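Listed below, chain by chain, are the residues.
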Amino acid sequence: MITRTRLAAGACALLAALAAGMAFPAGAVAGEPTGEDAPKVDLVLDVSGSMRTRDIDGGTRMAAAKQAFNEVLDATPEEVQLGIRTLGADYPGDDRKTGCKDTAQLYPVGPLDRTEAKTAVATLSPTGWTPIGPALLKAADDLEGGNGSKRIVLISDGEDTCAPLDPCEVAREISAKGIGVTIDTLGLVPSTKLRKQLSCIAEATGGTYTSVEHTDELTDKVNQLVDRAADPVVTPVATEGADACAKAPTLKSGLYTDREEFGQQRWYRVDVEPGQELRASVSVGADRAVNPSYGVLLRAVTVHGREIVRGEATGNGRTDVLSTGLRYPKQESDEEDAPAEAVCLQVTNSFSVASGVKTTPGLPLELTVDVVDGPGDSDDVAAFGLGRGWWLLGLLVLVGFLAGLLWGWLSRWRFAVWRTN
């Protein structure tokens, strides 16, 4: 009896293994090279004397930064090569020339040893000057090589103290090198001067500026930026939308980038054949300080101005990117040579800024356009609401049915043995 029970259990296990093998076919082994360079992130931390100030959740700014870094190091994806650079961490004196050279690589950009990186962060103590410009130049050197994404995340509580090397000009110089480095900035103090400088640095490289006043906000934002670096690198195509549908450029499927002034409308055109479906999405980034309560609207309209479908999103200042999207399936035509329909995409935003904040260049805009076969003929359309998973469900039903039969046979056999005994 024991032998037969084991055989039955083995049969069930075999069925389960077959189901798993068919449901999840063999693919690339985890960690196998994909042919793309690993994304790189250099965290640049201000360790100047002002980081001793106790105004973040009852503790010092340095303590908040250390706690945030420890949590970020724990959450960093395995595929990201991460490094840490400091500014103002070593020289406590008054000599400006020496203080403005005070930037060092605390942990080299490369595969992450979390224990070693945390130990290095624990040794930091607020010390000296704030050489943001020199630190950014060195950080760009830290990221040289490879074609993966490269991101610098600068965390500071004060403006650069080493002018005339303007950090905003340094950021423009880094951008002009064409090495693909994006600089994101985080300010630990709600200061107008600091915001202006950090916003300019971020804007020069297509990055974002965020003001944070709590430890959890700092942790969440740095984690978000590190995760963003791990996203596949897709180079958008620069385009320029028009102020009216009739003048709009015609776009194919792809990713596009543009700039949109505050409160401005941008128009684009897409040709959709009968039986095809248009899928479009737009993201508008707040790369400078904006007033709360804003929105983004994406509309698909005919060339005559009739609205077909719309997507909209609103924000309240808690995010630096606002996104929305839409789908428009065009019905099949009875005519064999039916012409394509020109669909106009309108992007509108309701961002606004306080006086003194630059409104040019416009806000960075990314538009994704995808024209695919419509629901009638497309393989990616759901079959009974299941998409490509219908075969998996059928397989699971079959396995369940066989397992049920086997279990029923075993139960009857055991009952018969019990009656005999």
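Look up a bit, the structure's there.
What you see is a predicted model; the values in this text were computed from it and never measured.

## Some details on the overall build of the chain
Helix and strand content of the chain: nine helices and 17 strands. Counting the 421 residues in the chain, one finds 44% classified as buried. Approximately 22100 Å² of the chain is accessible, and the part contributed by carbon and sulfur atoms is 54%.

## Observations concerning the state of the cysteines
In the structure shown here, the tally under the stated rule is three disulfides. Here cysteine 100 is linked by a disulfide to cysteine 162, with a sulfur-sulfur distance of 2.0 Å. Taking the sign of the S-S torsion, about -100° here, the bridge from cysteine 100 to cysteine 162 comes out left-handed. Placement of cysteine 100 in the loop between helix H3 (96-99) and strand S5 (103-110) and of cysteine 162 in the loop between strand S6 (150-156) and helix H6 (167-176) is noted, with a sequence separation of 62 residues between them.

## Looking at the nonpolar core
Ranked by size, the top nonpolar core spans 31 residues in total, and within it Leu43, Leu45, Ile155, Leu186, Leu218, Val222 and Val226 carry the most contacts. For this core, the secondary structure elements donating two or more residues are strand S1 (40-46), helix H2 (61-75), strand S4 (81-87), helix H4 (114-122), S6 and helix H8 (215-229). Per-element accounting of this core gives the leading share, seven residues, to H2. Setting aside chain neighbours within four positions, we find valine 222 in contact with Leu43, Val72, Ile155 and Leu186. In terms of nonpolar packing, the next biggest core, distinct from the first, is built from 29 residues, Val270, Ala286, Leu326 and Val353 among them.

## Some details on the packing of aromatic side chains
Summed over the entire model, instances satisfying the criterion amount to one aromatic pair. Measuring from centroid to centroid gives 4.5 Å for tyrosine 294 and phenylalanine 351, while their planes differ by 20°, and the two rings are stacked. Note that tyrosine 294 is positioned in strand S13 (residues 294-301) and phenylalanine 351 in the loop between strand S16 (341-349) and strand S17 (363-373), a separation of 57 residues in sequence. Each of the two residues, tyrosine 294 as well as phenylalanine 351, counts as buried.

## Quick word on the sheet that holds strand S14 (residues 307-315)
With respect to topology, four strands assemble into an open sheet ordered S11-S16-S13-S14, the strand pairing being antiparallel. Edge positions in the sheet fall to strand S11 (265-272) and S14, since each has one partner strand and no second. The mean angle between the axes of side-by-side strands here comes to 15°, regardless of whether they run parallel or antiparallel. The pairing of S13 with S16 spans six bridges and is antiparallel. Of the residues in S16, the one forming a bridge with leucine 298 is valine 347.

## Some points on unusual backbone geometry
Going from threonine 360 to proline 361, the amide bond is cis rather than trans, its omega being -5°. As for its placement among the helices and strands, proline 361 is situated in the loop between S16 and S17. Unlike most non-glycine residues, aspartate 57 shows phi in positive territory, near 55°. When you line up the elements, aspartate 57 lands in the loop between strand S2 (54-56) and strand S3 (59-60). One non-glycine residue with positive phi stands out, namely serine 293, at about 65°. Examined against the element boundaries, serine 293 turns out to sit in the loop between strand S12 (276-285) and S13. Its relative accessible area of 57% is what places serine 293 among the exposed residues.

## Here we look at the pairing of S13
Burial runs high along S13: eight of the eight residues are buried. Side chains Tyr294, Val296, Leu298 and Ala300 of S13 all project onto a buried face; the interleaved residues Gly295, Leu297, Arg299 and Val301 project onto the opposite face, where all are buried too. Here eight bridges tie S13 to S14, and the two strands are oriented antiparallel to one another. Residue leucine 297 lies in a different strand from S14, and its bridge partner there is glutamate 312. The turn joining S13 and S14, which pair antiparallel and follow one another in sequence, is formed by five residues; a positive phi near 95° is taken by glycine 305.

## Considerations on the sheet that holds S6
Spatially, six strands are ordered S5-S4-S1-S6-S7-S8 in an open sheet, and the strand pairing comes out mixed. The two strands at the open ends of the sheet, each matched to only one other strand, are S5 and strand S8 (209-211). Across the sheet, the mean angle from the axis of one strand to that of its neighbour is 15°, orientation sign disregarded. Pairing of S6 with strand S7 (residues 181-187) involves seven bridges; the strand directions are parallel.

## Thoughts on the packing of H6 against helix H7 (residues 192-205)
Closest axis-to-axis distance for the H6/H7 pair is 8 Å, and the angle between their directions is 10°. What the angle tells us is that H6 and H7 run roughly parallel. Facing H6, whose interface residues are Pro167, Cys168, Ala171, Arg172 and Ser175, H7 presents Gln197, Cys200, Ile201, Ala204 and Thr205. A per-class count over the contact of H6 with H7 returns six nonpolar, three polar and one charged.

## With respect to the pairing of S6
Most of S6 is tucked away, with seven of its seven residues classed as buried. Side-chain alternation along S6 places Lys150, Ile152, Leu154 and Ser156 on one buried face and Arg151, Val153 and Ile155 on a second face that is also buried. When S1 meets S6, the two strands line up parallel, connected through six bridges. Counted as the bridge partner of valine 41 is arginine 151 from S6.

## With respect to the pattern of salt bridges
In the structure shown here, the tally under the stated rule is 15 salt bridges. Between arginine 310 and glutamate 307 there is a salt bridge, and its shortest N-O distance comes to 2.9 Å. In this structure glutamate 307 comes out as partly exposed when scored by relative accessible area, which is 30%. Via salt bridges that share partners, Arg299, Glu307, Arg310 and Glu312 belong to a single interconnected network.

Procedures and definitions
Sequence order sets the numbering: in each chain, residues are counted from 1 along the sequence as written. The model is predicted, so local features are restricted to residues of pLDDT at least 70 and side-chain atom pairs to those at 80 or more, both for listing and for counting; the totals for chains, interfaces and linings are taken over all residues. Here the side-chain values reflect all heavy atoms present in the structure, with hydrogen atoms and water set aside. The secondary structure listing takes helices from DSSP runs of H or I that are at least 4 residues long and strands from runs of E that are at least 2 residues long, numbered from the N terminus. For every residue, the accessible area (1.4 Å probe, protein chains only) is compared with the maximum for its type, and the residue is labelled buried under 20%, exposed over 50%, or partly exposed between those bounds. Per-residue accessibility takes into account occlusion by the displayed protein chains alone, with areas from the Shrake-Rupley method and a 1.4 Å probe. Cysteine sulfur atoms are paired as a disulfide whenever they fall within 2.5 Å. In this description, a nonpolar core means a group of buried Ala, Val, Leu, Ile, Met, Phe, Trp, Tyr and Cys residues linked to one another through side-chain atoms lying within 4.5 Å. Residue contacts are defined here by distance: any two heavy atoms, one from each residue, within 4.5 Å place the two residues in contact. Two aromatic rings, drawn from Phe, Tyr or Trp (for Trp, its six-membered ring), form a pair once their centres lie within 6.5 Å of each other, and the interplanar angle then sorts them: stacked below 30 degrees, edge-to-face above 60, tilted otherwise. What makes two strands pair is DSSP finding at least two bridges between them. Angles run from 0 to 180 degrees between N-to-C directions of axes, and those axes are lines fitted to C-alpha atoms, restricted for helices to the stretch in contact. Orientation categories follow fixed angle ranges, with anything under 35 degrees roughly parallel, anything over 145 roughly antiparallel, 65 to 115 roughly perpendicular, and all other angles oblique. All residues other than Ala, Val, Leu, Ile, Met, Phe, Trp, Tyr, Cys, Pro, Asp, Glu, Lys and Arg, Gly among them, are scored as polar; the first ten of these are nonpolar and the last four charged. Salt bridge, as used here, is a side-chain nitrogen of Lys or Arg placed within 4 Å of a carboxyl oxygen of Asp or Glu.

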